[in-house]
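Examination of the molecular architecture
One-letter residues, chain by chain:
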Amino acid sequence: SLSSGGVMHEGRVSLLLGLKGMPALAEDLDVVRDILIAKETGAHIHIAHVSTKGAVEAVRRAKNEGINVTCEVTPHHFTLTDRAVEDLEHGRPPPQNGAAEKDVRVPYDTNTKMAPPLRSEDHLEAIIEGIKDGTIDAIATDHAPHHADEKALEYDRAPFGITGLETGVGLAFNELVHKGVIGLERLVEMCSANPARIFRLAGRGTLKPGSIADVTIIDPQRTWTYRGADSRSKSRNSPFDGWQFTGRAVATIVGGKVVYRADRVS
């Protein structure tokens, strides 16, 4: 009820833009409540798409108390802030060694509208710290495709969600690995091993003999630019069009069959 009708993070930017906000408190309260229920019942609880400082702190406290809680975060929540709604250029991190292209946008870009919403800088910093200290277990893209016509509406009316599969690895390398927040082994753990463990997916998330041969081969130093027009997805609703990344999936094996290699699909 606290976030009902909201379209972005409640704060200074939402006030300036005249948009109804979704307060961080709404997420904090739900996370604390559900953790307490998990504590009482002894059940495992997984918190999806953590986006607030309070939620990260609640999960950290719960883990320290031995409560069976895990959580995940999306790449857009450790990359962009709510200022992206005002101007995507202001909401993105500063360029690293000239890696980011200049890409100024007008306000109210509906590709900055997602749920949970992009939060303010203090929440993003808490997310980064939660990734760094192990509080956050996994990275999930929250891939949510929408037709261009759906997103080409007023900000209040456009649906929530962006595509994320093609940019997830690049954002993780840019914002986490190459900035020294985590190492490559920890990234693999967050994207593969931990999700398999959390959801008890037998034979996945590992390269042990006899495991299911679902493997992504990554080149950590490969530089590339994401272009929405060249996307493999039928949807183009991404705020990262034109962004340059260092680190890319160069091949994908599914069930032992190579289905993607370099820049072609078989």
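Higher on the page you've got the structure.
Here's a quick rundown of the structure. Note that this is a predicted model, so its numbers are computed, not measured.

1. Considerations on the packing of aromatic side chains
One pass over the full model with this rule turns up three aromatic pairs. Centroid distance Phe240 to Trp243: 5.0 Å. Interplanar angle 80°. Geometry classified as edge-to-face. When its relative accessible area of 1% is taken as the criterion, Phe240 is described as buried. Taken together, Trp224, Phe240, Trp243 and Phe245 form an aromatic cluster joined through their ring pairs.

2. Some words on the pattern of salt bridges
Following the criterion strictly, the structure yields twelve salt bridges and no others. In this structure, Lys63 engages Asp137 in a salt bridge whose closest nitrogen and oxygen atoms are separated by 2.8 Å. Taken together, the residues Lys63 in helix H3 (residues 53-64) and Asp137 in the loop between helix H6 (121-132) and strand E5 (138-139) connect sequence positions 74 residues apart. We classify Asp137 as buried; its relative accessible area is 8%. As a salt-bridge pair, Arg186 and Glu189 come within 3.1 Å of each other at their nearest N and O atoms. Residue Arg186 and its partner Glu189 are located together in helix H9 (residues 184-198), separated by three residues, close to a single helical turn. Through salt bridges with shared partners, a single ionic network connects Asp30, Arg33 and Asp34.

3. Some remarks on the sheet that holds strand E3 (residues 45-47)
Across the sheet, which stays open at both edges, the three strands sit in the order E3-E4-E5 with parallel pairing between neighbours. Whereas interior strands pair on both sides, the edge strands pair on one side only; in this sheet they are E3 and E5.

4. Some words on helix H2 (residues 24-41)
An ideal rise of 1.5 Å per residue puts 26 Å on 18 residues; H2 measures up with 26 Å between its terminal C-alpha atoms. Turning to H2, its buried residues number three or more, namely Ala24, Ala26, Glu27, Asp28, Val31, Ile35 and Ala38. Gly42 sits one or two residues past H2 and shows a positive phi near 80°.

5. Notes on the packing of H2 against H3
H3 packs onto H2 with a crossing angle of 15° between their chain directions and a minimal axis gap of 8 Å. By the angle class used here, H2 and H3 are roughly parallel. Like other packed secondary-structure pairs, H2 and H3 cross with a definite hand, here right-handed. Between H2 and H3, the contacting residues are Glu27, Asp28, Val31, Val32 and Ile35 on the first element and Gly54, Ala55, Ala58, Val59 and Ala62 on the second.

6. Observations concerning the side chain of His77
Inspection of the secondary structure assignment puts His77 in the loop between strand E4 (69-73) and helix H4 (83-86). Within the structure, the side chain of His77 is placed 2.7 Å from the side chain of Thr74, a separation counted as a polar contact. Look past the residues within four positions of His77 in its chain and what remains in contact with it is Ser51, Pro116, Pro117, Leu118, Leu124 and Ile127.

The rules we used
Residues numbered from 1 in each chain as written. Predicted model: local features only at pLDDT ≥ 70, side-chain atom pairs only at ≥ 80, totals over all residues. Heavy atoms only, no water. Phe/Tyr/Trp six-rings, centres within 6.5 Å; stacked < 30°, edge-to-face > 60°. Buried < 20%, exposed > 50% of the residue type's maximum accessible area, 1.4 Å probe, protein only. Salt bridge = Lys/Arg side-chain N within 4 Å of Asp/Glu carboxyl O. Helix = DSSP H or I, 4+ residues; strand = E, 2+ residues; numbered from the N terminus. Pairing = 2+ DSSP bridges. Expected span 1.5 Å × (residues − 1). Axes fitted to C-alpha atoms, helices over the stretch in contact; angles between N-to-C directions. Parallel < 35°, antiparallel > 145°, perpendicular 65-115°, else oblique. Left-handed = near helix turned anticlockwise from the far one by under 90°. Contact = heavy atoms within 4.5 Å. Polar contact = N/O pair within 3.5 Å; in protein donor to acceptor, adjacent residues only side chain to side chain.

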